[in-house]
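Coordinate inspection notes
Residue strings, one per chain:
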Amino acid sequence: YEDLHAFELQAPTRLIEWARGNRVCVAGYGQSGGNEILQLLPPPTLQVKETQGLCPERDFKVECGGFSNRPVYSLKYVPDTSLLVTSGPPDSSLQVWQVSAEDSDVIKPVGAIPTVNGTGQPWAKIATVSARAPWVLHGSRLNSVQITEVESRKNVYMAASSNSEELSGLAFLDGNTLLLCCAKGQLCLADVRQPQSPLEAVSVPSAPCGERWCMGVGRGPQGSDSSSQPVACLSSGGYLTLTDLRKTSESLASAKCRVPSPSSGAEFLCVSWAPALEGCLAISGFDGTVHVYDTQSWDSSGREAEPIFVHRGHAFSGSDSSGGPPLVTVHTWHPQKPRTLLSAASDGSLHVWDWVQSCGKC
């Protein structure tokens, strides 16, 4: 490692979200009430653009926090506001939170956003954007996807679909274009300007049947349109496929990752592109590790891929509340530092790490 920080939270954490000023938001997912939502100030070494020698302060600091009476399974910061949006069982509604001003250390609930026809549906997946106004894209099934203006609670888009496939993820590609991923591996593009156009889901090329899938959307070259953004789809069996949005029926490349079958039913699967390293991505959710891959040499053969780095820190940090080995529940890349990642696990451990660059662009 080039650098490694560890922070112990009071409860298992399943999400990490970057907020204003490189703050980090985390939340617990316990089934009982009193799940914490915290905004953390990262160690000073993560707040400078370049390494500046030894730093006496190496820990996170809690800036403010609150409590949710339901498990928090998804959390997103609403750009250009002081609001957070969360979702979690037992239904598909969203909760809106206000991150208080500097003179207060409280994150307080300020309202809820229901899902149209969302009765009996599982918890909603969330994405946010601030292209025109602060919007939240949310839904748990393909036929319940909608966009809500966060501050006014006004519904601005409803997807036209009769398909009730469960969603595993969704994303804004830009202010008008949406990408949806179904748990069975289908991808679906939608346009906010064409709300009446029926959504058509296309299966991930060569996708093994019976596996659960998630997706990660990367950044395209600077100045390019949304169709050039790379998309990686990861299955519960460790199969990775890279897709071009201009032709989702074909894969650009594919590989098999050397990972065990997830022990938790694939609910923590996570794949994400590095924002500042071309062709690099990370995966987690199979065990107590995070794998980093360089995809630039991949082809369509689907052969086994070797990671360029494996973070095993959570696997050795103890046991979780069930007495078993910790499971990485989420990871995310630092928005500016190329090889720096944050990861959280089921034992409440939060790690920030940066591996030594050995060769190549990664």
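All values derive from a computational prediction rather than experimental measurement.

Parameters and conventions
- Residues numbered from 1 in each chain as written.
- Predicted model: local features only at pLDDT ≥ 70, side-chain atom pairs only at ≥ 80, totals over all residues.
- Heavy atoms only, no water.
- Helix = DSSP H or I, 4+ residues; strand = E, 2+ residues; numbered from the N terminus.
- Buried < 20%, exposed > 50% of the residue type's maximum accessible area, 1.4 Å probe, protein only.
- Areas by Shrake-Rupley, 256 points an atom, 1.4 Å probe, with all protein chains shown as cover.
- Pairing = 2+ DSSP bridges.
- Axes fitted to C-alpha atoms, helices over the stretch in contact; angles between N-to-C directions.
- pLDDT = per-residue confidence, 0-100.
- Contact = heavy atoms within 4.5 Å.
- Phe/Tyr/Trp six-rings, centres within 6.5 Å; stacked < 30°, edge-to-face > 60°.
- Lys NZ or Arg CZ within 6 Å of the ring centre and 35° of its normal.

Looking at the overall build of the protein chain
- On a plain count of helices and strands, the protein chain comes out with zero helices and 29 strands.
- Split into buried and exposed, the 362 residues of the protein chain put 56% on the buried side.
- Here the protein chain has roughly 15,700 Å² of accessible surface; of this, 48% comes from carbon and sulfur atoms.

Describing the sheet that holds strand β29 (residues 349-354)
- The sheet built from four strands is open, its strands ordered β1-β29-β28-β27 with antiparallel pairing. Taken across any chain shown, the strands that pair with only one partner, and hence form the sheet edges, are β1 (3-8) and β27 (328-333). When the angles between neighbouring strand axes are averaged without regard to direction, this sheet yields 15°.
- Summarising the sheet, β1 and β29 pair through six bridges and their orientation is antiparallel. Within β29, the position partnered with Asp3 by the bridge is Asp354.

Focus on the pairing of strand β11 (residues 135-139)
- In terms of residue burial, β11 counts as a mostly covered element, since five of its five residues are buried.
- Neither face of β11 is left uncovered, since the one carrying Trp135, Leu137 and Gly139 and the one carrying Val136 and His138 both have all their residues buried.
- Sheet analysis places strand β10 (residues 125-129) next to β11, joined by five bridges and oriented antiparallel. By the bridge assignment, Val129 is partnered in β11 with Trp135.
- Where β10 hands over to β11, the hairpin turn is made up of five residues, counted between the paired strands.
- Judged from the four bridges that link them, β11 and strand β12 (residues 146-149) form a sheet pairing that is antiparallel.

Examining the pairing of β27
- The element β27 is extensively covered by neighbouring structure, given that six of its six residues are classed as buried.
- In the sheet, β27 pairs with strand β28 (residues 340-345) via five bridges, with the strands oriented antiparallel. Looking at the pairing, Thr332 lines up with Leu342 of β28.
- Taken together, β27 and the strand that follows it, β28, pair antiparallel across an intervening segment of six residues.

Quick word on the confidence of the model for the protein chain
- With 90% of its residues at a pLDDT of 70 or more, the protein chain shows a mean pLDDT of 87.
- Note on residues 52-56: pLDDT under 50 across the span, and two contacts to partners over four residues away in sequence or across chains.

So, the environment of Val217
- One can find Val217 in strand β18 (residues 213-217).
- You can call Val217 partly exposed: its relative accessible area is 28%.
- For the pair Val217 and Phe172, spaced 45 residues apart in sequence, the C-alpha to C-alpha distance is 9.3 Å.
- Once residues lying within four places of it in the same chain are set aside, the contact partners of Val217 are Ala171, Leu173, Leu179, Gln229, Pro230, Val231 and Trp273.

Comments concerning the packing of aromatic side chains
- Tallying each qualifying case throughout the model produces ten aromatic pairs.
- On the basis of an interplanar angle of 65° and a centroid distance of 6.0 Å, the ring pair of Tyr293 and Trp298 is categorised as edge-to-face. Just as Tyr293 is buried, Trp298 falls in that class too.
- Over the face of the ring belonging to Tyr29 we find Arg14, whose NZ or CZ atom lies 6.0 Å from the ring centre.

Thoughts on the sheet that holds strand β7 (residues 83-87)
- Spatially, four strands are ordered β6-β7-β8-β9 in an open sheet, and the strand pairing comes out antiparallel. Looking along the sheet, the strands with just one partner apiece sit at the ends: β6 (74-77) and β9 (107-113). Between one strand and the next, the sheet's axes are offset by a mean angle of 25°, whatever the strand orientation.
- Two strands pair when backbone bridges link them, and strand β8 (residues 94-99) and β9 are joined in this way by six bridges, in the antiparallel orientation. Residue pairing in the sheet places Val96 in a bridge with Gly111 of β9.

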